[in-house]
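Observations on chain architecture
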Amino acid sequence: MTNTSSTHGKWVRRKRNMVPYLLMAPGVIAVLVAVGYPMVKQFIMSFQKFGLAQQFGKPAPWVGLDNYKSILTDPYFWQVFGRSLAFCFVTAGLTMILSVLLAVVLLRAGGFGRGFLNNSLIIVWGMPLLASLTVWQWLIDPNYGPVNYVLTKLGAHADGYNWLSGSPWTFFTVASLVIIWASIPLATISIYAAMAQVPSEVIEAAGMDSATNAQITRYVLLPSAGTIVALMTVLEVIWDLRVFTQIYVLQQSGGVTTETNLLGTYVFQMGIAQGNYGVASALATVILLLTLLLSSGYIRMLFRQGDAA
């Protein structure tokens, strides 16, 4: 009787332990089908000569590492790579600086001010990307945009200046502003939520010790949100490195691609525009490896955060 009861208890415990895996199974299967298959297909195509003929059923010949060699020996790829890294780190850095400042403002603001700023951030976050890009293109329109109008009134002679085709510097300035504007809400609210966990007694004690607002922010609030700031920074770098929609739409408006390509638009140009899917797959694999390298740091931070908790 005792053995039977023990066996039944083990079976029940085993069944309970299986429940989480059974609940996760549909999601895991969906991810494997939706993400795993295209990723494997991309990896296989990166070793093939896959062009328009293969789209109509012609067998794809294997070329080994030729696609990777053509990428890594192409000077233009390294220009795009360096440009993408520079754009990514500048944009992500400015996003995080402004997000921290806005989080502090949210924490210090009164009820009405905090509510207004919070609602504004949510509206920005919820605004469709293409709709926001349309607004930005109107703002910098060469002939009718308010930006050129105001600058001309201030004596800058900006009337008729095209920000998207006049110079790569102005193009990337606009692109960076668009991405920062859309990225700030999530980062700000996340950092604010972490800072808000600091007990008011700690802040009051720091104030009684003659600490200024800047010192309280630096030595009390920022350390408390340090993990969240680090995690959001890594995520921003990953997102900005893979940016596509904003750059592509602005390129279509400005008519300049060669000097403004980033990795995302370069892959699109090689694959969809030129029909060289083999080289585009190799390029996408290189970007994937770079993203995984950055994501590994993000995952390590998550594990450290879990251990600390």
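Just so it is clear, the structure is predicted and the values come from calculations on it, not from any experiment.

Next up on the list: the overall build of the chain. Of the regular secondary structure elements, the chain holds 14 helices and 0 strands. In terms of overall size, the chain is more extended than a compact globule, its C-alpha atoms giving a radius of gyration of 25 Å where 309 residues would be expected to give roughly 19 Å. Projected onto its principal axes, the C-alpha coordinates of the chain cover approximately 85 × 70 × 30 Å. Going through the 309 residues of the chain one by one, you find that 35% of them count as buried. Contacts in the chain between residues at least 24 apart in sequence constitute 67% of all its contacts with a sequence separation of at least 6. Mean positive and mean negative side-chain charge positions of the chain (17 and 11 charges, respectively) differ by 18 Å.

This brings us to the environment of Ile189. With respect to the helices and strands, Ile189 occurs in helix 8 (residues 168–195). Taking C-alpha positions, Ile189 is 7.9 Å from Asn118, a pair spaced 71 residues apart along the chain. Excluding residues that lie within four positions of it along the chain, Ile189 makes contacts with Asn118, Leu121 and Ile122.

Take the side chain of Asn67 next. Summarising the element assignment, Asn67 is placed in helix 3 (residues 66–72). Polar contacts involving the side chain of Asn67 include one to the main-chain carbonyl oxygen of Ser46, which spans 2.8 Å. Setting aside anything within four residues of it in sequence, one finds Asn67 in contact with Met45, Ser46, Phe47, Gln48, Gly278, Val279 and Ala282.

Below, the discussion takes up the confidence of the model for the chain. The predicted coordinates of low-pLDDT regions are not to be read in fine detail. Of the residues in the chain, 91% have a pLDDT of 70 or more, and the chain-wide mean is 83. The lowest-confidence element of the chain is helix 1 (residues 2–45), averaging 73 in pLDDT; the highest-confidence one is helix 4 (residues 75–108), averaging 92.

In this section: the packing of helix 4 against helix 11 (residues 226–241). Helix packing geometry: the angle between the two helix axes and the distance between the axes. At a minimum axis separation of 9 Å, helix 4 and helix 11 run at an interaxial angle of 145°. Considering only the axes of helix 4 and helix 11, their crossing is right-handed. On helix 11, the residues touching Ser84, Leu85, Cys88, Phe89, Thr91, Ala92, Thr95, Met96 and Val100 of helix 4 are Val229, Met232, Thr233, Glu236, Val237, Asp240 and Leu241.

We now examine helix 13 (residues 263–273). When we look at burial in helix 13, the residues that qualify are Leu263, Gly264, Thr265, Tyr266, Val267, Met270 and Gly271. Residue Gly275 follows helix 13 closely and has a positive phi angle near 75°.

Attention shifts here to the packing of helix 8 against helix 11. Their axes nearest at 10 Å, the elements helix 8 and helix 11 cross at an angle of 160°. Relative to helix 11, the element helix 8 is oriented roughly antiparallel. When you trace helix 8 past helix 11, the crossing you get is right-handed. Taking contact as the criterion, the partners of Ile179, Ser183, Leu186, Ala187, Ser190, Ile191 and Ala194 in helix 8 are, on helix 11, Ile228, Val229, Met232, Glu236, Trp239 and Asp240. A class-by-class count of the residues in the contact of helix 8 with helix 11 yields 9 nonpolar, 2 polar and 2 charged.

Another aspect to go through is a nonpolar patch on the surface. Nonpolar side chains collect at one region of the surface, where Met18, Tyr21, Leu22, Met24, Val28 and Leu32 lie side by side and expose about 640 Å² of accessible area between them. Considering the arrangement of structural elements, one finds Val28 in helix 1.

On to the side chain of Ser99, then. Of note, Ser99 is situated in helix 4. If near-sequence neighbours (up to four positions away) are discounted, Ser99 is found in contact with Ile184, Ala187, Thr188 and Ile191.

The next thing to look at is helix 4. Between the first and last C-alpha of helix 4 there are 50 Å, a value that for 34 residues agrees with the 50 Å anticipated at 1.5 Å per step. The N-terminus of helix 4 is capped by Asp74, whose side-chain oxygen sits 3.1 Å from the backbone nitrogen of Tyr76.

Right, let's get into the packing of aromatic side chains. One pass over the full model with this rule turns up 14 aromatic pairs. Ring centres 5.3 Å apart and planes at 85° place the aromatic pair Tyr76 and Tyr266 in the edge-to-face group. With a gap of 190 residues between them, Tyr76 in helix 4 and Tyr266 in helix 13 connect regions that are remote in the sequence. Of the residues examined, Tyr266 reaches a relative accessible area of 5% and is grouped as buried.

With that settled, the discussion passes to the environment of Leu294. Along the polypeptide, Leu294 turns up in helix 14 (residues 277–308). The partly exposed category is assigned to Leu294, whose relative accessible area is 25%. Through-space distance from the C-alpha of Leu294 to that of Met24 is 26 Å; in sequence the pair is 270 residues apart. Residue contacts for Leu294: discarding those within four places in its chain leaves Val234, Val237, Ile238 and Leu241.

The rules we used
Counting starts from 1 at the beginning of each chain's written sequence and moves along it residue by residue. Local features are withheld for residues below a pLDDT of 70 in this predicted model, meaning they are given only at 70 or higher, and side-chain atom pairs are given and counted only at 80 or more; totals for whole chains, interfaces and linings count all residues. Neither water nor hydrogens contribute to the side-chain values; these are computed over all heavy atoms in the structure. For the purposes of this entry, the term helix denotes a DSSP run of H or I that reaches at least four residues, the term strand denotes a run of E that reaches at least two, and both are numbered from the N terminus. C-alpha atoms define the radius of gyration, and 2.2 Å times the number of residues to the power 0.38 defines the globule rule. To sort residues, take the accessible area from a 1.4 Å probe on protein chains only and compare it with the maximum for the residue type: under 20% means buried, over 50% means exposed, and anything in between is partly exposed. In what follows, residue pairs with any heavy atoms lying within 4.5 Å of each other are defined as contacts. We score Asp and Glu as negative and Lys and Arg as positive, and we do not count His or the chain ends. Lysine's charge is taken at NZ, arginine's at CZ, aspartate's at CG and glutamate's at CD. Within 3.5 Å is the distance limit for a polar contact, defined as a pair of N or O atoms, with the added protein rule that one can donate a hydrogen and the other accept it, and that residues adjacent in sequence qualify only through two side-chain atoms. What pLDDT expresses is the predictor's confidence in each residue, scored from 0 to 100. The angle between two axes is taken between their N-to-C directions and runs from 0 to 180 degrees, where each axis is a line fitted to C-alpha atoms and a helix contributes only its stretch in contact. The crossing is said to be left-handed when, going from far helix to near helix, the turn is anticlockwise and less than a right angle, and right-handed when the turn is clockwise. Any angle between 65 and 115 degrees counts as roughly perpendicular, while under 35 counts as roughly parallel, over 145 as roughly antiparallel, and the rest as oblique. Ten residue types, Ala, Val, Leu, Ile, Met, Phe, Trp, Tyr, Cys and Pro, are classed as nonpolar, four, Asp, Glu, Lys and Arg, as charged, and the remainder, Gly among them, as polar. Residues with no salt bridge and a relative accessible area higher than 30% make up the patches, which join like charges within 9 Å and nonpolar side chains (Val, Leu, Ile, Met, Phe, Trp, Tyr) within 5 Å. Computed with the Shrake-Rupley method and a 1.4 Å probe, the accessible areas treat only the protein chains shown as cover for residues. Each salt bridge in this description consists of a side-chain nitrogen of Lys or Arg and a carboxyl oxygen of Asp or Glu lying within 4 Å of one another. In a helix, the anticipated span is given by 1.5 Å times the number of residues less one. Two aromatic rings from Phe, Tyr or Trp, using only the six-membered ring of Trp, form a pair when their centres are within 6.5 Å; if the ring planes differ by under 30 degrees the pair is stacked, by over 60 it is edge-to-face, and anything between is tilted.

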